[in-house]
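# Coordinate analysis (summary)
For reference, the chains in residue letters:
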Amino acid sequence: MRRTDEAMATEPVAPGLELPAMADPATAPASAIARQVADMAQGLAALADKLVEQPQPVSGDVAEADCIAFLESQFRIRRLRARHLPGMSFGEPAWDILLDLAVAHYWRRETSVTSLCIAADVPSTTALRWISSMTREGLIVRRSCQRDGRRSFLAISPASYQAMLALAADALRTIARVRARYLRG
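Basis of the calculations
Residues numbered from 1 in each chain as written. Predicted model: local features only at pLDDT ≥ 70, side-chain atom pairs only at ≥ 80, totals over all residues. Heavy atoms only, no water. Helix = DSSP H or I, 4+ residues; strand = E, 2+ residues; numbered from the N terminus. Polar contact = N/O pair within 3.5 Å; in protein donor to acceptor, adjacent residues only side chain to side chain. Contact = heavy atoms within 4.5 Å. Buried < 20%, exposed > 50% of the residue type's maximum accessible area, 1.4 Å probe, protein only. Pairing = 2+ DSSP bridges. Core = buried A, V, L, I, M, F, W, Y, C linked by side-chain atoms within 4.5 Å. Axes fitted to C-alpha atoms, helices over the stretch in contact; angles between N-to-C directions. Expected span 1.5 Å × (residues − 1).

## Quick word on the side chain of Ser157
- With respect to the helices, strands and loops of the structure, Ser157 is situated in the loop between β7 (152–156) and α7 (158–184).
- Side-chain polar atoms of Ser157 contact the backbone oxygen of Gly138, separated by 3.0 Å.
- A polar atom in the side chain of Ser157 sits 2.9 Å from the side chain of Ser160.
- If near-sequence neighbours (up to four positions away) are discounted, Ser157 is found in contact with Gly138, Leu139, Ile140 and Val141.

In structure tokens form, the structure reads like this:
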């Protein structure tokens, strides 16, 4: 069912954000439409700022920032493995890709294909095969660069991001239980 322009003008898009009614493109000058689009972009940016400022709980007892810190530490620990166990290949590029993209998502950083290949810590062709497979499976998403059509960026899918947060929250709770057991003994 199509909503009327009046309903769209008065209905809030998100809490604290109401979009102004759009001018009819057939009669309004381009500058008026451009101003309206700029106003909407500013409103969306303000809403995004509000959301970023508030730590998001994961399962109520673990903050999103704590989960991301855990995931980033896992990525860094994996690099330490190579230093302390030289010559050992553990072959988990998909996990490295998910860790890197989850942290990039939290910090709102764009990740190029080249950067992700480096993060996977495997030859480029292997990383590209994993990226292709993970994109087909819906674990990650690819989007073209607006300025340079030859480049593309990769991001973790919303479902994968939530799964990574849930895993990190469970891991942090498990660490707390194990640590408490050792502190008692």
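## Examining the pairing of β7
- Taken across its five residues, β7 has four buried, putting it largely inside the fold.
- The pairing of strand β6 (residues 140–144) with β7 spans five bridges and is classified as antiparallel. Within β7, the residue paired with Ile140 across the bridge is Ile156.

## Overview of the environment of Arg108
- Within the secondary structure, Arg108 is located in the loop between α4 (93–106) and β5 (111–112).
- Here the alpha-carbon distance between Arg108 and Ala155, two residues 47 residues apart in the chain, equals 9.8 Å.

## Description of the nonpolar core
- The biggest cluster of nonpolar side chains holds 30 residues, and the ones touching the most others in it are Leu71 and Ile131.
- Broken down by secondary-structure element, the contributors of at least two residues to this core are α3 (64–84), α4, α5 (113–120), α6 (124–136), β7 and α7.
- Counting residues per element, this core draws most heavily on α4, at seven residues.
- The residues contacting Leu71, other than those within four sequence positions of it, are Leu99, Ala102, Val103, Met164 and Ala168.

## Things to note about the sheet that holds β7
- The three strands are arranged β5-β7-β6 in an open sheet whose pairing can be described as antiparallel. Every other strand in the sheet has two partners, leaving β5 and β6 as the edge strands with one partner each.
- Both β5 and β7 contribute to a ladder of two bridges, which runs antiparallel. Note on β7: the bridge partner recorded for Ser112 is Phe153.
- Lying over the sheet, α4 contacts β5, β6 and β7, oriented at roughly 90° with respect to β7.

## With respect to α4
- For α4, built from 14 residues, the straight-helix expectation of 20 Å at 1.5 Å per residue is met to within 8% by its first-to-last C-alpha distance of 20 Å.
- Within α4, eleven of the 14 residues are buried, leaving the element largely enclosed by the surrounding structure.
- Of the positions making up α4, those classed as buried are Pro93, Ala94, Asp96, Ile97, Leu98, Leu99, Asp100, Leu101, Ala102, Val103 and Ala104.
- Among the residues trailing α4, Arg108 stands out with phi positive, at a value near 55°.

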